[in-house]
Amino acid sequence: MRKILIVGAGQSGLQLALGLQAEGYDVTVMSNRTADEIRGGRVMSTQCMFDQALQHERDIQANFWESQAPRIEGLGVSVAAPDGSRAVDWLGTLDGYAQSVDQRLKMAGWLETFAQRGGQLVIHGAAVSDLDYFARTYDLVLVSAGKGELVSMFGRDAERSPYDTPQRALAVSYVHGLGPRPEHPDTEAVRCNLVPGVGELFVMPCLTTSGRCDILFWEGLPGGPLDVFQGVRDPQKHLATTLELMERFTPWEYARATNVELTDAGATLAGRYAPTVRHPVGRLPGGGAVLGVADVVVANDPITGQGSNSASKCAAAYLASIVERGDQPFDEAWMRATFERYWDTAQHVTRWTNAMLAPPPEHVLNLIGAAGSLQPVADRIANGFNDPADFQHFFFDPAKADAYLASVSGA
């Protein structure tokens, strides 16, 4: 039985661990926190997962919360006008529903399930020196801990990383008490509110440790009016700042948020990071090699909501590659080929995300505007969140965008 070590207990690491466990591998997971510490800690992300990513969880029978989490059936876009009204407002229908499950709930549950099924669980914050030892005792070491010392083993891929500084300041609040949206009170939806030159507000339903909630998520241009959360330690101050900015820039969302309260003491998060693609193989001091997973190797800005989706797709691709390898060695050539298998999918996410961080060109504005009167355009953009590869056919190139709009208008 081949022995595999996974360092990190997030979406990709635990999904991969559970998948390998089901295939009969001897798997060890190294986590820097226990399940109880994760469950009782601070929120970690917004993690709205679309149908393709959810299917990977179903495939390994790890979709434990699917019947409880809100079914997100639409994705809407609003664009703020200078006078505080909406210049654009529409709702696209998803072909398959999306869901967001608080990672504190999911990762704690998955960690416990992994241990209950006989997996080896080590509670320890790993350092490079630890991996130097483990690389000699395991057939394969995978690093899925996207922060800290271990990431420094994986060099930045400059050709695939156009940005070297953070492009947004991020601020998240989990709340109870958000009112329904008047335009579609019976449809659960992710709402993307674009404020030109300022940033974006995302609002989405979620399942958290205390039941159904909503997530308020600001992405602000660095140095702009939304970049005010650094140094805010008090959760109530964080929420008050979030609401003040909503009242100022997205009053239509603020109108249904006047009675919200935080879900718990750990319900806020703020930070920033530079979107980066890294080389997939980390070299250890003793000469061994380890393979980076998900955010370790492809960390996109969350503006397109793809982090957990990409982590799920990476875990699924790596699982297939490991199983197909059989008894052959997990050498560096295999590691690079395994990453490129994932990059076939991830490259579309990275291209789209990086495009959305820049001021939108005229043809993109035309597409977003046309979606307000052409439902097929709204639906196609919405479903691009599930399958970002589709954007290459109509989103990036002005000629393709014009041809697509002409075809829909004609129909």
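Look a little higher up for the structure.
Report follows, based on the coordinates.

**What about the packing of helix α8 (residues 307-325) against helix α9 (residues 332-357)?**
- Direction vectors running N to C along α8 and α9 enclose 150 degrees, while the axes themselves pass 10 Å from each other. Judged on the interaxial angle alone, α9 and α8 are roughly antiparallel. Crossing of α8 over α9 shows right-handed handedness. In this structure, α8 contributes S310, K313, C314, A317, Y318, A320, S321, I322, E324 and R325 to the contact, and α9 contributes W334, T338, F339, R341, Y342, T345 and V349.
- Taken together, the residues of the contact of α8 with α9 break down into 9 nonpolar, 4 polar and 4 charged.

**Details of the packing of aromatic side chains**
- Under the criterion given, the structure shown has 16 aromatic pairs.
- Centre to centre, the rings of F339 and W343 are 6.2 Å apart; their planes meet at 25 degrees, and the pair counts as stacked. Placement of the pair is F339 and W343 together in helix α9, with a separation of 4 residues, close to one helical turn.
- Taking 5.0 Å as the distance between ring centres and 65 degrees as the angle between the ring planes, the aromatic pair formed by F391 and F395 counts as edge-to-face. Side by side, F391 and F395 carry an identical accessibility label, which is buried.
- Here a set of aromatic residues connected by ring pairs shows up, and it is made of F50, W352, F385, F391, F394, F395, F396 and Y404.

**Quick word on empty space enclosed by the protein**
- Scanning the model with the defined rule gives 4 cavities of 30 Å³ or more in all.
- Size it by volume and the largest cavity reaches roughly 180 Å³.
- Lining the largest cavity are 15 residues; nearest its centre among them are V77, L194, M356, I381 and F385.
- Every element with two or more residues in the lining of the largest cavity is listed here: β9 (189-195), β10 (199-208) and α9.
- Classifying every residue of the lining of the largest cavity by side-chain character gives 13 nonpolar, 1 polar and 1 charged.
- Put simply, the second largest cavity is a space of about 80 Å³.
- Of all the elements in the fold, those that place two or more residues in the lining of the second largest cavity are β9 and β10.

**Topic: the sheet that holds strand β6 (residues 120-123)**
- Read from one edge to the other, the open sheet built from 6 strands follows the order β6-β2-β1-β7-β16-β15, with strand pairing classed as mixed. Bordering the open sheet on either side are β6 and β15 (281-283), each of which pairs with just one other strand. The average undirected angle you get between the axes of adjacent strands in this sheet is 25 degrees.
- Note that strand β2 (residues 26-31) and β6 share 4 bridges and pair parallel. Bridge pairing links M30 to V122 in β6.
- Contacting β1 (3-7), β7 (140-143) and β16 (289-292), α8 runs over the sheet at an angle of about 175 degrees to β7.

About the criteria used
- Residues numbered from 1 in each chain as written.
- Predicted model: local features only at pLDDT ≥ 70, side-chain atom pairs only at ≥ 80, totals over all residues.
- Heavy atoms only, no water.
- Axes fitted to C-alpha atoms, helices over the stretch in contact; angles between N-to-C directions.
- Helix = DSSP H or I, 4+ residues; strand = E, 2+ residues; numbered from the N terminus.
- Parallel < 35°, antiparallel > 145°, perpendicular 65-115°, else oblique.
- Left-handed = near helix turned anticlockwise from the far one by under 90°.
- Contact = heavy atoms within 4.5 Å.
- Nonpolar A, V, L, I, M, F, W, Y, C, P; charged D, E, K, R; others polar.
- Phe/Tyr/Trp six-rings, centres within 6.5 Å; stacked < 30°, edge-to-face > 60°.
- Buried < 20%, exposed > 50% of the residue type's maximum accessible area, 1.4 Å probe, protein only.
- 1 Å grid on protein atoms, 1.4 Å probe; cavity = no way out; pocket = protein on both sides within 12 Å on 5 of 7 lines; lining within 4 Å.
- Points joined across faces, edges and corners; volume = space filled by probe spheres on them.
- Pairing = 2+ DSSP bridges.

Such coordinate-based values are descriptive only and should not be taken to indicate function.
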